[in-house]
Amino acid sequence: MTHRFGWSLEERDPEVIKSYLPQWEWFYRYYFRVKTDGWQHIPDSKVLLVGSHNGGLASPDMVMMMYDWFRRFGTQRPVYGLMHSNAWHIYPALAQLAAKMGAIMAHPQMAIAAFRKGASVLVYPGGAQDVFRPHSQRHQIQLAGRKGFIKLALREKVPIVPIISNGAHDTLIVLGDCYEQARQLNELGMPWLFGLDPQVFPIYLGLPWGLGIGPLPNIPLPIPITTRVCPPIVFERYGRVAARDQDYVNACYQQVSNQMQSELNRLVAGL
């Protein structure tokens, strides 16, 4: 049977993570000059870390958050990051390395398996719409209406710990989105980049392309990044019944989104 990367928790390798920490530390200290706070909010037990990420496919705030986790809690305390299925198909070599760092397929059964193992899970629900949102919306939380993470937290009875950042969206200046135009070209027979429909087709300024178009990989600009771990969100009800109550799920989603926006407003204001 062919092994499928991303579908096993055993691919995570603490020794490989340790080998990359010196490089990440250089980016952390000298390239992005990261300032961070709120790590006292991480409990000793498993949590669902929910982030709004920035800066194109490089997502430097996500990488810096992961480095902070490892330097504070060590590589033996596992955290698994949910990664979109497209990444495993488009960038298989990078995806295999990501799996050694703790990336797993963005599928409920993988997240549940991680929780059952006692690990924490990291998810960025907004996906491409979030990471490529226009620069004018850089201070807006964009979770794209995806509520699967709420159902997951309710079903597995774990608190949600929001993580936010400021500055990372300046590492790639997204001017706008031409998704509709690209979709119309696709209907005329023009194939999508890499054969996928990413729901966003950005125009941006950044490295190495200068003026770039489409969800291409990028090199982030050396902009200072500030990250924050927010207080845990504990809901009133948990369990399968709560997870199937759509009105309750919607209310929980709005609570998380509102709290993340409030915390981001404070971070941007320097509070």
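Per an unreviewed UniProt entry, the protein chain carries the name 1-acyl-sn-glycerol-3-phosphate acyltransferase and comes from Moorena producens 3L.

The next subject is the sheet that holds strand β8 (residues 202-206). One open sheet accounts for 3 strands, arranged β7-β8-β9; its pairing is antiparallel. Whereas interior strands pair on both sides, the edge strands pair on one side only; in this sheet they are β7 (173-177) and β9 (210-213). Taken over all neighbouring pairs, the strand axes of this sheet differ in orientation by 20° on average, direction set aside. Looking at chain direction, β7 and β8 are connected through 4 bridges and run antiparallel. Residue pairing across strands places G176 opposite I203, the latter belonging to β8.

If you look at the biggest cluster of nonpolar residues, it comprises 41 residues, and the most contacted ones within it are L48, F149, I150, L154, I160, F235 and V256. Looking at this core element by element, the count peaks at 8 residues for helix α10 (residues 246-268). Counting 27 residues, the second largest nonpolar core, distinct from the first, contains Y28, I42, I163 and A168.

On to the packing of aromatic side chains, then. Summed over all chains, the structure comprises 13 aromatic pairs. Between the aromatic rings of Y28 and Y67, the centroid separation amounts to 5.0 Å while the plane-to-plane angle is 55°, which identifies the pairing as tilted. Of the two residues, Y28 is situated in helix α1 (residues 14-31) and Y67 in helix α2 (residues 60-73); the sequence distance between them amounts to 39 residues. For the pair shown, Y28 and Y67 are each scored as buried. Linked through ring pairs, W26, F27, Y30, Y31 and F32 together constitute an aromatic cluster. It is R77 that lies over the ring of F73; its NZ or CZ is 4.7 Å from the centre. Positioned above the aromatic ring of Y253, the side-chain terminus of K147 is 4.8 Å from the ring centre.

With that out of the way, let us pick up the sheet that holds strand β3 (residues 79-83). Strands sit in the order β1-β10-β6-β2-β5-β3-β4 across an open sheet of 7 strands; the sheet is mixed. Pairing within the sheet leaves two strands with one partner each, and these edge strands are β1 (35-37) and β4 (103-105). Sheet twist, expressed as the average angle between the axes of neighbouring strands with direction ignored, equals 25°. Sheet strands in contact with helix α7 (residues 148-156) are β2 (48-51), β5 (120-123) and β6 (160-166), and its direction is about 165° off that of β2.

The next thing to look at is the side chain of R77. As for its placement among the helices and strands, R77 is situated in the loop between α2 and β3. Summary of buried charges: R77 has no salt-bridge partner, and the nearest side chain of opposite charge, D44, is 4.9 Å away. Only 2.7 Å separates the side chain of R77 from the backbone oxygen of P43, close enough to count as a polar contact. Polar contacts involving the side chain of R77 include one to the main-chain carbonyl oxygen of S45, which spans 3.4 Å. Those residues in contact with R77 that lie beyond four places of it in its chain are R12, I42, P43, D44, S45 and W69.

What follows is about the packing of helix α5 (residues 108-116) against α7. One can describe the packing of α5 onto α7 by two numbers: an axis separation of 11 Å at closest approach and a directional angle of 35°. Crossing hand, α5 versus α7: right-handed. Of the residues in α7, those touching α5 at P108, A111, I112, F115 and R116 are L152, R155 and E156.

Side chains P202, Y204 and G206 project from β8 onto a buried face, and the interleaved I203 and L205 project onto a face without burial. Examined bridge by bridge, β8 and β9 share 4 bridges and lie antiparallel to one another. Note on β9: the bridge partner recorded for L205 is L211. Hairpin remark: β8 followed by β9, antiparallel, with 3 residues in the connecting loop.

Basis of the calculations
- Residues numbered from 1 in each chain as written.
- Predicted model: local features only at pLDDT ≥ 70, side-chain atom pairs only at ≥ 80, totals over all residues.
- Heavy atoms only, no water.
- Pairing = 2+ DSSP bridges.
- Helix = DSSP H or I, 4+ residues; strand = E, 2+ residues; numbered from the N terminus.
- Axes fitted to C-alpha atoms, helices over the stretch in contact; angles between N-to-C directions.
- Core = buried A, V, L, I, M, F, W, Y, C linked by side-chain atoms within 4.5 Å.
- Buried < 20%, exposed > 50% of the residue type's maximum accessible area, 1.4 Å probe, protein only.
- Phe/Tyr/Trp six-rings, centres within 6.5 Å; stacked < 30°, edge-to-face > 60°.
- Lys NZ or Arg CZ within 6 Å of the ring centre and 35° of its normal.
- Contact = heavy atoms within 4.5 Å.
- Lys, Arg positive; Asp, Glu negative; His and termini not counted.
- Salt bridge = Lys/Arg side-chain N within 4 Å of Asp/Glu carboxyl O.
- Polar contact = N/O pair within 3.5 Å; in protein donor to acceptor, adjacent residues only side chain to side chain.
- Left-handed = near helix turned anticlockwise from the far one by under 90°.

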